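# Close look at the chain arrangement
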Amino acid sequence: MPRKPERPPKSPPRPNRWEGKEKPDWLSRALARAGAMPQDEADAAIKAGRVTVNGRVATTPLTPVPPDAVIKVDGHPVRKGAPTHVLAFHKPAGVLTSTARQHRTGTVFELLLPQLPLELNRFTWHAVGRLDVDTTGLLLFTNDDKLVAHATSPETNLPKRYVATVFSTADDAKVEPLRQGMMLDDGPARPAVVRVRDEHTVEVILTEGRHHQVKRMLGAVGLPARALHREAVGDITLDDIPEGGFRLLTDEEVREKLNYSGRD
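Residues numbered from 1 in each chain as written. Predicted model: local features only at pLDDT ≥ 70, side-chain atom pairs only at ≥ 80, totals over all residues. Heavy atoms only, no water.

### Quick word on the domain arrangement of the chain
To keep things clear, this is the line we draw: Either an automatic procedure or a domain database provided the assignment from which the domain bounds are taken. When checking whether two residues touch, look at their non-hydrogen atoms; a contact exists if any pair is within 4.5 Å. For any pair of parts, buried area is found by adding up, for both, the accessible area (1.4 Å probe) each one loses once the two are put together. Salt bridge criterion: a side-chain nitrogen from Lys or Arg within 4 Å of a carboxyl oxygen from Asp or Glu. N or O atoms closer than or at 3.5 Å make up a polar contact, with two conditions inside protein: a donor-capable atom paired with an acceptor-capable one, and, for residues adjacent in sequence, both atoms drawn from side chains. Counting from the N terminus, the helices are the DSSP runs of H or I reaching at least four residues and the strands are the DSSP runs of E reaching at least two. Lys, Arg, Asp and Glu make up the charged group, whereas Ala, Val, Leu, Ile, Met, Phe, Trp, Tyr, Cys and Pro make up the nonpolar group; the residues left over, Gly among them, are polar.
Under the domain assignment used here, the chain contains domain 1 (25–77), domain 2 (86–154 + 235–258) and domain 3 (160–233). When each unit is reduced to the centre of its C-alpha atoms, the spacing between domain 1 and domain 2 is 26 Å. Domain 1 puts nine residues into the contact, and the matching count from domain 2 is six residues. Summed over both partners, the interface of domain 1 with domain 2 comes to about 530 Å²; 39% of that surface belongs to carbon and sulfur atoms. Counting the surface domain 1 buries against domain 2, the share from its top three residues, Arg33, Gly35 and Pro38, is 67%. Inspection of the domain 1/domain 2 interface yields one salt bridge. The shortest N-O distance in the salt bridge between Arg33 and Asp145 comes to 2.3 Å. Run the count over domain 1 and domain 2 and you get four residue pairs in polar contact (both at pLDDT 80 or more). With three residues, the top contributor of residues to the side of domain 1 that touches domain 2 is helix α1 (residues 27–33). A per-class count over the side of domain 1 that touches domain 2 returns five nonpolar, two polar and two charged.

Here you go:
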């Protein structure tokens, strides 16, 4: 039998270009993070030839921007490294936590962004987690994507407090499985802090936030939710924010009530 040709030796793996270095951001996102303009406006400005990186006109929004690069828009330098901002928003029912509407259902961004003053409207805002279309209450927004990861990661153990209005009659015996930790169709749920406020009102505090989690947990013990409202994230509460309104959190609130010290 003819011998099979020998395979050529494998090439050694190529080292990562940015190994041991801080990876560059891409240009349109760097402009948005700096608060120069929202990312969609940054895309348009770059394509119009208005943006330079180290003296050269950028041609694509995905142009890499090393940490020491000098960015200019219309000849004016852009200061990189904007401070972290967080907004507390009182979400009403009937709007999506999404950047795009579905059919005739609007979004939280359509309610929030027109209210922002110019100094805040230049940033790209990220919703911190999600609330279902029919769920009301506290929804945070930030210009810092690292804060999004901090606040939504189960490892952070940041509590989220919800109040559910349930159809059936609630009592401590029915909600005990939630306190013990229970199995859902997508895996085990952590033990929750649960208080029965009255026979149709249940308070649930979670340190994780999976899809429809509170509704699924209550439904699993025979307490389907008629309405759901989020009262708090960490130690941030709605206070007197009217439905559909917002307020800017202070640096102290972000640090102490969300346990977040800012970008590294």
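### Description of the environment of Leu206
Rule in force here: Only protein chains enter the accessibility calculation, which uses a 1.4 Å probe. A residue is then buried if its area is under 20% of the maximum for its type, exposed if over 50%, and partly exposed in between.
Inspection of the secondary structure assignment puts Leu206 in strand β14 (residues 201–206). Under the relative-accessibility criterion, Leu206 is labelled buried at 3%. Distance in space between the C-alpha atoms of Leu206 and Ala48 is 47 Å, their sequence separation being 158 residues. Among all residues touching Leu206, those that are not within four sequence positions of it are Leu158, Pro159, Lys160, Tyr162, Ala192, Gln213, Val214 and Met217.

### A short note on the pattern of salt bridges
If you walk through the whole model with that rule in mind, you get 19 salt bridges. As a salt-bridge pair, Asp25 and Arg29 come within 2.8 Å of each other at their nearest N and O atoms. Take Arg29: its relative accessible area is 24%, and that puts it in the partly exposed class. Two residues, Glu253 and Arg247, come together in a salt bridge whose shortest N-O distance is 2.8 Å. For Arg247, a relative accessible area of 22% translates into the label partly exposed. The network of salt bridges with common partners includes Arg161, Arg195, Arg197, Glu203 and Glu231.

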